[in-house]
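Structural description and commentary
Here's the letter readout for the chains.
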Amino acid sequence: MIKTTLQTLANKWNSYKYRFVPWIALNLGKNERTLRHVKERSQDKLISDEVVSASLLKLFRALFKSDLFRQKEVLSFLPASVQSAYQDTLTTCQVINRADHCNERGASCFSSEVMLDTLEFSIHRAPSSLLSAGRGVFVAKGTVPKGAVVSMYPGTVYQTQEPIFFQSIRNPFVFRCIDGVLIDGNDNGISKVVFRSCSGRDRLGPFKLSDITWLTTSPENPLAVGQYVNNCSNEKSANVCYQEFDVPAEFPVELRQYLPNVNYRHDIQRPLRCVILVALRDIQQGEELFSNYYTIVH
C-alpha cells in the first residue's frame with residue numbers, strides 16, 4: 001500500500017517537476033542537451049509565419065473538403081465564389097465515402113488519413129518509449145521532413161494577469177510562451193470545462209471558431225496532440241521544437257473550427273495565439289517526438 005502510494009507520488013512529481021520553478025533553477029544546467037538556446041526572440045522561429053499558415057491552411061482545407069456532408073450549413077453562409085471553390089474540387093462519391101468511413105471507423109481515423117494524403121505523414125498518441133513518461137506522440141505513417149509543422153499545442157490561451165490559479169493546480173500541461181502568455185493544454189477537470197465554455201461563447205451561428213474535439217480521444221484536427229510530446233533527454237535528443245504563431249485576421253472563418261485554441265476572454269484585442277511544433281530534422285515512421293521543454297533566450 002505504502003509502496004504503491006509512493007510510486008504514484010513519484011510519477012506525479014516526475015510529470016510536474018518541469019513546471020516547478022525551484023526545481024528548474026537547481027537543475028536547468030545539469031542536462032545541456034535538453035535545452036534550446038536562441039540569441040533573440042525573433043530567432044525562436046524556425047520557419048516563417050507564412051509557411052506555418054500555409055501548412056495549416058493546406059490541412060484544414062483538406063479536412064473541410066472531406067467533410068462537406070456535415071458542412072452544408074457553414075457552406076451556405078459563405079460567398080458563392082468560396083462555395084464553388086470547395087464544391088468543384090470534390091465529387092459526390094467522395095462525400096458519400098467520407099460519411100460511410102466516419103460511421104464505421106471514427107472521425108479521428110479518417111482525419112489521420114486526410115493528414116497522410118495531404119502532408120505525407122501522420123501522427124498518433126501511444127505509450128511513450130520513456131519510462132514513467134505516460135503517453136507520447138509518434139509518427140504513425142510516412143516521414144516528417146525537416147521544417148514541417150508536425151503538431152499543435154491545444155488549450156485555452158491566458159494573457160498575463162488573467163486568472164489561471166485553480167486550473168494550474170496539479171496541472172502539468174500549462175505552456176508558457178516567451179512573452180508570458182499561457183496555454184492550458186489539460187484535457188481534463190476544470191481546464192476542460194473552461195475550454196468548452198469559451199469555445200461555445202465565441203461561436204458565430206453555424207461557425208465554430210475553435211475545435212473542442214481535442215478534448216476527446218478522437219480529435220478532428222489530427223495535429224492537436226502536441227501537449228503529449230515528451231521532453232527530450234540526454235539519451236534521446238529533441239527532434240521537434242515549439243514555435244509561437246499568432247493567427248492572422250484574414251484566416252478563413254470556415255477553417256477556424258480546426259484551431260485547437262481559444263482565448264480565455266472574448267474581448268482580447270490581439271490575434272489568437274497558437275503554438276506549433278516544427279521538425280528539427282527528418283523524422284521516420286515509428287519514431288517518437290521529443291521536444292525541448294526549455295528555450296533560453298540570451
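Each chain carries its own residue numbering, running from 1 in the written order of its sequence. Given that this is a predicted model, residues contribute local features only at a pLDDT of at least 70 and side-chain atom pairs are listed and counted only at 80 or more, while totals for whole chains, interfaces and linings are drawn from all residues. Only heavy atoms go into the side-chain values, all of them from the structure, while hydrogens and water stay out.

The name an unreviewed UniProt entry assigns to the protein is SETD9 protein, from the organism Polyodon spathula.

**Thoughts on the pattern of salt bridges**
The term salt bridge refers to a side-chain nitrogen of Lys or Arg lying within 4 Å of a carboxyl oxygen of Asp or Glu. What the rule picks out here adds up to ten salt bridges. Linking Lys-45 and Asp-49 is a salt bridge whose minimum nitrogen-to-oxygen distance equals 3.1 Å. Per-residue accessibility, obtained with a 1.4 Å probe over protein chains only, is compared with the maximum for each type, and a residue is labelled buried under 20%, exposed over 50%, and partly exposed between these values. Assessed through its relative accessible area of 29%, Asp-49 is described here as partly exposed. Put simply, Glu-244 and Arg-273 hold a salt bridge, and the shortest N to O gap is 3.3 Å. In this pair, Glu-244 sits in strand β9 (residues 240-246) while Arg-273 sits in strand β11 (residues 273-279), placing the two residues 29 residues apart along the sequence. One exposure class covers both Glu-244 and Arg-273, and it is buried. Helix numbers and strand numbers start at the N terminus; a helix is a DSSP run of H or I with at least 4 residues, a strand a run of E with at least 2.

**Side note on unusual backbone geometry**
In most cases, non-glycine residues show a negative phi, while peptide bonds are predominantly trans. Within the chain, Glu-120 stands out as a residue other than glycine whose phi angle is a positive 70°. Relative to the assigned elements, Glu-120 resides in the loop between α7 (107-119) and β2 (121-127). Classification of Glu-120 as exposed rests on a relative accessible area of 60%. Not every positive phi belongs to a glycine, and Arg-170 is a case in point at roughly 55°. Structurally, Arg-170 is set in the loop between α8 (165-168) and β6 (174-176).

**A look at the sheet that holds strand β10 (residues 261-263)**
Spatially, four strands are ordered β6-β7-β5-β10 in an open sheet, and the strand pairing comes out mixed. In this open sheet, the two strands that pair with only one neighbour each are β6 and β10. Strand-to-strand twist across the sheet, computed as the mean angle between neighbouring axes with direction ignored, equals 25°. At least two bridges found by DSSP between two strands is the condition for calling them paired. Both β6 and strand β7 (residues 182-184) contribute to a ladder of three bridges, which runs antiparallel. By the bridge assignment, Phe-175 is partnered in β7 with Ile-183. On top of the sheet, helix α9 (residues 189-201) reaches β5 (155-158), β7 and β10; it is set at about 75° to β10, its chief contact. The convention used is that axes are lines fitted to C-alpha atoms, helices contributing only their stretch in contact, and that angles between N-to-C directions extend from 0 to 180 degrees. It only takes one pair of heavy atoms within 4.5 Å for two residues to be counted as in contact.

**Brief notes about the packing of aromatic side chains**
Each aromatic pair joins two rings of Phe, Tyr and Trp (for Trp, the six-membered one) with centres within 6.5 Å, and gets the label stacked for planes under 30 degrees apart, edge-to-face for over 60, and tilted for any other angle. Tallying each qualifying case throughout the model produces eleven aromatic pairs. Taken together, a centroid distance of 5.6 Å and an interplanar angle of 65° make the contact between Phe-173 and Tyr-228 edge-to-face. Highlighted residues: Phe-173 in the loop between α8 and β6 and Tyr-228 in the loop between α9 and β8 (230-231), separated in sequence by 55 residues. Taken as a pair, Phe-173 and Tyr-228 share a single burial class, namely buried.

**Some thoughts on the pairing of strand β4 (residues 149-153)**
With five of its five residues buried, β4 lies for the most part within the structure. Across four bridges, β4 lies against β11 in antiparallel orientation. Opposite Ser-151, over in β11, you have Leu-277 as the bridge partner.

**Considering the sheet that holds β9**
Here three strands make up an open sheet; going across it, the order is β4-β11-β9 and the pairing antiparallel. The open sheet is flanked by β4 and β9, the only strands paired with a single partner. Neighbouring strand axes in the sheet, compared pairwise and without regard to direction, differ in orientation by 30° on average. Pairing of β9 with β11, which is carried by seven bridges, proceeds in the antiparallel orientation. Bridging across to β11, Tyr-242 finds its partner in Leu-277. Against the sheet, helix α3 (residues 49-65) contacts β4, β9 and β11, and its axis sits at roughly 90° relative to β9.

**Section: the side chain of Asp-67**
By the element assignment, Asp-67 lies in the loop between α3 and α4 (72-76). Given a relative accessible area of 2%, Asp-67 falls into the buried group. For the purposes of these results, a polar contact is taken to be a pair of N or O atoms within 3.5 Å, where, inside protein, one atom must be able to donate a hydrogen and its partner to accept one; residues adjacent in sequence count only when each atom of the pair is a side-chain atom. Within polar-contact distance, the side chain of Asp-67 engages the side chain of Arg-70 at 2.9 Å.

**Section: the environment of Glu-244**
Assessed through its relative accessible area of 15%, Glu-244 is described here as buried. Glu-244 sits 33 residues away from Leu-277 along the chain, and the two C-alpha atoms are 8.8 Å apart. Residues contacting Glu-244, with those up to four places away along its chain left out, are Lys-45, Asp-49, Cys-177, Ile-178, Asp-179, Arg-273, Cys-274 and Val-275. A polar atom in the side chain of Glu-244 sits 2.7 Å from the backbone nitrogen of Ile-178. Among the polar contacts made by the side chain of Glu-244, one reaches the side chain of Arg-273 at a distance of 3.3 Å.

**Comments concerning α9**
Expected helix span is computed as 1.5 Å times (number of residues minus one). Over its 13 residues, α9 runs 19 Å from end to end, which matches the ideal 18 Å to within 8%, given 1.5 Å per residue. If you check which residues of α9 are buried, you get Ser-191, Val-194, Phe-195, Cys-198 and Ser-199. Relative to the axis of α9, the buried residues are bounded by an arc of 125° and lie together on one face. Turned more than 90 degrees away from the buried face of α9, the exposed residues are Gly-189 and Val-193. Check the buried side of α9 and you find it contacts β5, α8, β7 and β10. Working note: the arc is built from the helix axis to C-beta atom directions.

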